[in-house]
Protein chains: 2
Amino acid sequence: MDQVSFTERELDVMAVLWERGPCTVAEVREALVDDLAYTTVLTVLRTLETKGHVSHEEQGKAHRYTPLVAREAAGTSALRRIVDKIFGGSRELLLTNLVDGRGVDDEELRRLRAVLNQRLGDGGSAHDR
Amino acid sequence: MDQVSFTERELDVMAVLWERGPCTVAEVREALVDDLAYTTVLTVLRTLETKGHVSHEEQGKAHRYTPLVAREAAGTSALRRIVDKIFGGSRELLLTNLVDGRGVDDEELRRLRAVLNQRLGDGGSAHDR
DNA sequence: TACGTTCTACGATAACTCTAGTAGGAAGTC
DNA sequence: GACTTCCTACTAGAGTTATCGTAGAACGTA
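As a starting point, this report considers the structure included with it.

### Section: the protein's contact with DNA strand D
Near DNA strand D lie 18 residues; those nearest to it are A:Tyr38, A:Arg46, B:Thr7, B:Arg9 and B:Thr43. Within 4 Å of the protein, the atoms of DNA strand D are drawn from sugar and phosphate moieties in a proportion of 67%. Here a base nitrogen of DNA strand D sits 3.3 Å away from a polar atom, N or O, in the side chain of B:Thr39. At a separation of 3.4 Å, a phosphate oxygen of DNA strand D approaches a polar side-chain atom of B:Lys51. The set of elements that each furnish at least two residues to the surface near DNA strand D consists of α3 (38-50) and β3 (62-67) of chain A together with α1 (8-20) and α3 (38-50) of chain B. It is α3(A) that contributes the most residues to the surface near DNA strand D, four residues altogether.

In structure tokens, the structure reads:
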């Protein structure tokens, strides 16, 4: 149960890997919004590898990088941090903030509610899949 | 609508200010879990002030620091970042993660659902209070 | 008035982050 | 075989973060 955390740029890169699956340096670079030097992207990936957040395997002469940390784990860490530090431990406050403001229509609110209903329906025990 | 962001330590300090309201250096130091030197805390506060996230006023010979960034604004920034980078833009995925795992009982799930219901009941227009 | 306490101001240092250049290997092309 | 292209390894430098020491002002007290 270790706390995973990423710097801003590392997170950009991880986002690409989570979204697209294993990528080469060139592919990550391509996918990034900011226009970085090839070696910059490589350096970030190597840093991530040093920290144990990604691994790589040879593919031809290039390396293909795979995320070792799942989205979910990173999300759990990040959310815990936010709930604790920003919302004083209140998930309600977080949720309020999440659905506050524009961009969240009734349709989505209902989908979110469905998530909660489903979990409530679980009976609280069936937790695995 | 600027993006507010804090470093780890800055966030620790902001958390204290949000929780307790305006504080002196000594009070912040007292409230922090980690045992830091007085000057360390002072430095963090001064950094935050330089960045415009807190302000201070004299009180006797000490300074009392006040947060200029509201919890909500910091939360919105942080959540946007997480939704986008970690959950691929899906609030549903975020919510699932938020209520997944232990520590969330039915009671709380119902409270969270109430948050959504209330917003749905708003009719979508009445947004202020 | 001399002393201890409580503050701020300033300076400093180590570590980390971010970015990218240069060197050199491998592989295809003419 | 020389040239170009793509890729990694290594190196480097500026900027930021995190932490704290020392100096010195202000104030109460013996």
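Now, onward.
### Section: the protein's contact with DNA strand C
Around DNA strand C lies a shell of 17 residues, among which A:Thr7, A:Arg9, B:Tyr38, B:Arg46 and B:Lys61 are the nearest. Considering the 4 Å shell around the protein, atoms of DNA strand C inside it are sugar or phosphate in 65% of instances. B:Lys61 has a polar side-chain atom sitting 2.6 Å from a base oxygen of DNA strand C. Breaking the surface near DNA strand C down by element, the ones donating at least two residues are α1 (8-20) and α3 of chain A together with α3 and β3 (62-67) of chain B. Sorting elements by how many residues they give to the surface near DNA strand C places α3(B) first, with four residues. Tallied by class, residues from the surface near DNA strand C come to six nonpolar, six polar and five charged.

### Regarding the interface of chain A and chain B
Taken residue by residue, the interface counts 46 residues in chain A and 46 residues in chain B. Both faces considered, chain A and chain B share a buried interface measuring about 4800 Å² in area, 63% of it formed by carbon and sulfur atoms. Joining chain A to chain B, the criterion identifies 10 salt bridges. When the shortest N-O distance is used, the salt bridge between A:Lys85 and B:Asp12 registers 2.6 Å. For the pair chain A and chain B, the number of links is 16 residue pairs in polar contact (both at pLDDT 80 or more). Per element, the largest residue contribution to the side of chain A that touches chain B is 12 residues, and it comes from helix α6 (residues 106-121) of chain A.

### Some remarks on the nonpolar core
Core analysis: the biggest nonpolar cluster contains 74 residues, and A:Phe6, A:Val28, A:Leu94, B:Phe6, B:Val28 and B:Leu94 have the highest contact counts within it. B:Phe6 has contacts with A:Arg81, B:Leu11, B:Met14, B:Trp18, B:Leu48, B:His53, B:Val69 and B:Ala74, leaving out every residue within four places of it along the chain.

### Examining the pattern of salt bridges
Between side chains of opposite charge, pairing is possible as soon as their charged atoms come close. As enumerated under the stated definition, the model contains 22 salt bridges over all chains in all. Across the pair B:Arg91 and A:Glu108 runs a salt bridge whose closest N-O atoms are separated by 3.1 Å. Placement of the pair is B:Arg91 in helix α5 (residues 91-99) and A:Glu108 in helix α6, with the two residues belonging to separate chains. Between B:Arg71 and B:Glu19 there is a salt bridge whose closest N-O contact spans 2.8 Å. Within this pair, whereas B:Arg71 is found in helix α4 (residues 71-85), its partner B:Glu19 is found in helix α1, the two being separated by 52 residues in sequence. Residues joined in a network through salt bridges with shared partners are A:Arg9, A:Asp12, A:Asp34 and B:Lys85.

What counts, and at which threshold
Residues numbered from 1 in each chain as written. Chains lettered and ligands numbered in written order. Predicted model: local features only at pLDDT ≥ 70, side-chain atom pairs only at ≥ 80, totals over all residues. Heavy atoms only, no water. Near = heavy atom within 4 Å. Polar contact = N/O pair within 3.5 Å; in protein donor to acceptor, adjacent residues only side chain to side chain. Helix = DSSP H or I, 4+ residues; strand = E, 2+ residues; numbered from the N terminus. Nonpolar A, V, L, I, M, F, W, Y, C, P; charged D, E, K, R; others polar. Contact = heavy atoms within 4.5 Å. Buried area = accessible area lost by both parts, 1.4 Å probe. Salt bridge = Lys/Arg side-chain N within 4 Å of Asp/Glu carboxyl O. Core = buried A, V, L, I, M, F, W, Y, C linked by side-chain atoms within 4.5 Å. Buried < 20%, exposed > 50% of the residue type's maximum accessible area, 1.4 Å probe, protein only.

The values reported here are purely geometric and, on their own, carry no functional implication.
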